[in-house]
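Geometric and topological summary
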Amino acid sequence: MSDTEAQNDASATAAAAAPATGKNHNKYRRDKPWDTDDIDHWKIDAFTRDDNPHPFTEESSFATLFPKYREAYLREVWPHVTRALAAHGLACELDLIEGSMTVRTTRKAFDPYAILNARDLIKLLSRSVPFQQAVKILDDNVACDIIKIGNIVRNKERFVKRRQRLVGPNGNTLKAIELLTECYILVQGNTVSVMGSHKGLKTVRRIVLDCLANIHPIYHIKELMIRRELAKDPQLAKENWDRFLPKFRKRNVPSNKKPLKKVGPKPEAKPLFPPAQTPRQVDLQLESGEYFLKPKEKAARAAAQKAADEAEKRKERLAERAAPFVAPEEATGEEARKALKRKRDDEARAAKADEANRLDQLKQKFLANKTDLKAQANTPAPAAAGADKKKDPTSKPAKKKAKKN
């Protein structure tokens, strides 16, 4: 009996053993002796030349532009780029006139996905990623993502602040994200270039977009650190981690506090009927009779009104100019005598106050001089000074003796 017949008999026996009322789910199932537990179904085997010995029938090519400031660096590293792509059977071209890079397949290429990796390579080079890092994209286990952040925030100053928030002081925030996601991240202009695994790329994209949406990266860093510690525990491998993760986002929870009652005058009751409609310009003209006037009469009335307004304004201007030259009203009779008496009394009072201040100042000055003289008189003169005066020939007694001689 062959293996196929044995499998058919086994399936028939299983179908007969199943109850007649239910469905037979094992009807088309076959044993797979080659499928064992030690096989990794997610493993990606390396693509070699033996997998595709024949050349491609068509040529594929990709091109991308690069900024002017990258021209000097690209000219320096282009020989290394050519050698790296030649190992995969690809050719490249650097056009300095148009400012573009082109990659294409050749007859020696055998991996159909290699041209897509080469396309990513020139994209990373144009976004200021160094060649030593960008060449790692040719490995099948490394993927890349270029996140465009230029059109997320409209305000330029706010965009620059949030982009700097992603980098952090001295690049510490960016370095922490790189260590937790195991990805290479480069912030350049309006784009963020990322290289790493697909899982890490997804995490970094979420962090970058949330940072531009005003959510600080430190919250994601804390969450990633907690996830890393939880992954080390085998007992929590199949459990939900939501109870361990912090919840930083704000919730719009209505507060239980009742609003305070406003103390003040009660609002007036609204009228029962709505207010009257504002009359139109045509209605006003009908009331005044202007609507039925001829154009010439309307123009004459407008000119007369304009002249009257100008005359009134002219009169107001003349009154304003003449106001400084109008003499003030002066008091006469009894009021004038009272005002003059008040003025003289004020002057006399001020003169007495000045005299009293002057006498006080002189008195204080005299007392100060008297105190100084007393202090000098009480101070004893030194004896040496008296001896020097007797011996000094220039003193007055010496001069008198000289005259007698």
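Residues numbered from 1 in each chain as written. Predicted model: local features only at pLDDT ≥ 70, side-chain atom pairs only at ≥ 80, totals over all residues. Heavy atoms only, no water.

Rules: UniProt positions are given in the numbering used here, feature names are shortened, and annotations may be inferred rather than shown by experiment.
Per an unreviewed UniProt entry, the chain carries the name KRR1 small subunit processome component and comes from Allomyces macrogynus. Under the heading Subcellular location (unreviewed entry), UniProt records this for the chain: "Nucleus, Nucleolus". As its UniProt record puts it under Function (unreviewed entry), the chain is described as follows: "Required for 40S ribosome biogenesis. Involved in nucleolar processing of pre-18S ribosomal RNA and ribosome assembly. Essential for vegetative growth."

1. Topic: a positive patch on the surface
The cut-off we apply is this: Grouping into patches uses exposed residues only, defined as over 30% relative accessible area, and leaves out salt-bridged ones; the cut-off is 9 Å for like charges and 5 Å for nonpolar side chains (Val, Leu, Ile, Met, Phe, Trp, Tyr). Note on areas: Shrake-Rupley, 1.4 Å probe, and residue coverage restricted to the protein chains presented here. Here a salt bridge means any side-chain nitrogen of Lys or Arg lying within 4 Å of a carboxyl oxygen belonging to Asp or Glu. Think of it this way: Lys and Arg go in the positive column, Asp and Glu in the negative one, and His and the chain ends go nowhere. Here the site of a charge means NZ on Lys, CZ on Arg, CG on Asp, or CD on Glu. To qualify as a helix, a DSSP run of H or I must reach at least 4 residues; to qualify as a strand, a run of E must reach at least 2; elements of each kind are numbered from the N terminus. Exposure classes here rest on a 1.4 Å probe applied to the protein chains alone. A residue is buried below 20% of its type maximum, exposed above 50%, and partly exposed in between.
Taken together, the side chains of Lys-313, Arg-314, Arg-317 and Arg-321 present a region of like positive charge at the surface. Among the structural elements, Arg-317 can be located in helix 10 (residues 295-322). When its relative accessible area of 44% is taken as the criterion, Arg-317 is described as partly exposed.

2. Considering helix 3 (residues 114-126)
Stated precisely, the cut-off is as follows: Given a helix with a known number of residues, its expected span is that number minus one, times 1.5 Å.
Relative to the 18 Å expected for 13 residues at 1.5 Å per residue, helix 3 spans 19 Å between its end C-alpha atoms, a close match to the ideal helical length. For helix 3, the buried fraction is high: ten of the 13 residues fall into the buried class. For helix 3, the full list of buried residues reads Ala-114, Ile-115, Asn-117, Ala-118, Asp-120, Leu-121, Ile-122, Leu-124, Leu-125 and Ser-126. Immediately downstream of helix 3, the backbone of Ser-128 shows phi near 70°, a positive value.

3. Comments concerning the packing of helix 5 (residues 156-167) against helix 7 (residues 198-212)
Counted only if it meets this: Helix axes are fitted only over the stretch in contact, all axes being lines through C-alpha atoms; the angle between N-to-C directions runs from 0 to 180 degrees. By convention, the crossing between two helices is left-handed when the near helix turns anticlockwise from the far helix through less than a right angle, and right-handed when the turn is clockwise. Throughout, a residue-residue contact means that at least one pair of heavy atoms, one from each residue, lies within 4.5 Å.
Packing of helix 5 against helix 7 leaves a shortest axis separation of 9 Å and a crossing angle of 145°. Remark: the crossing between helix 5 and helix 7 carries right-handed chirality. Packed against helix 5, whose contacting residues are Phe-159, Arg-162, Arg-165 and Leu-166, the element helix 7 presents Val-208, Cys-211 and Leu-212 at the interface.

4. Examining the packing of aromatic side chains
Short version of the rule: Here the aromatic set is Phe, Tyr and Trp, taking the six-membered ring for Trp, and pairing holds for ring centres within 6.5 Å; pairs whose planes are under 30 degrees apart are stacked, those over 60 apart are edge-to-face, and all others are tilted. Criterion for a charge above a ring: Arg CZ or Lys NZ at most 6 Å from the ring centre, at most 35 degrees from the ring normal.
Inspection of the entire model under this criterion finds one aromatic pair. If you follow Arg-119 out to its NZ or CZ, it ends over the ring of Phe-62, 5.5 Å from the centre.

5. Focus: the pairing of strand 6 (residues 191-196)
The criterion, for reference: Note on pairing: two strands pair once DSSP finds at least 2 bridges between them.
Of all six residues that make up strand 6, six are buried, and the element is covered over most of its length. Residue alternation in strand 6 divides its side chains into two sets, Thr-191, Ser-193 and Met-195 and Val-192, Val-194 and Gly-196, and both sets are buried. Between the antiparallel neighbours strand 5 (residues 184-188) and strand 6 lie two residues, among them Gly-189 with a positive phi of about 65°.

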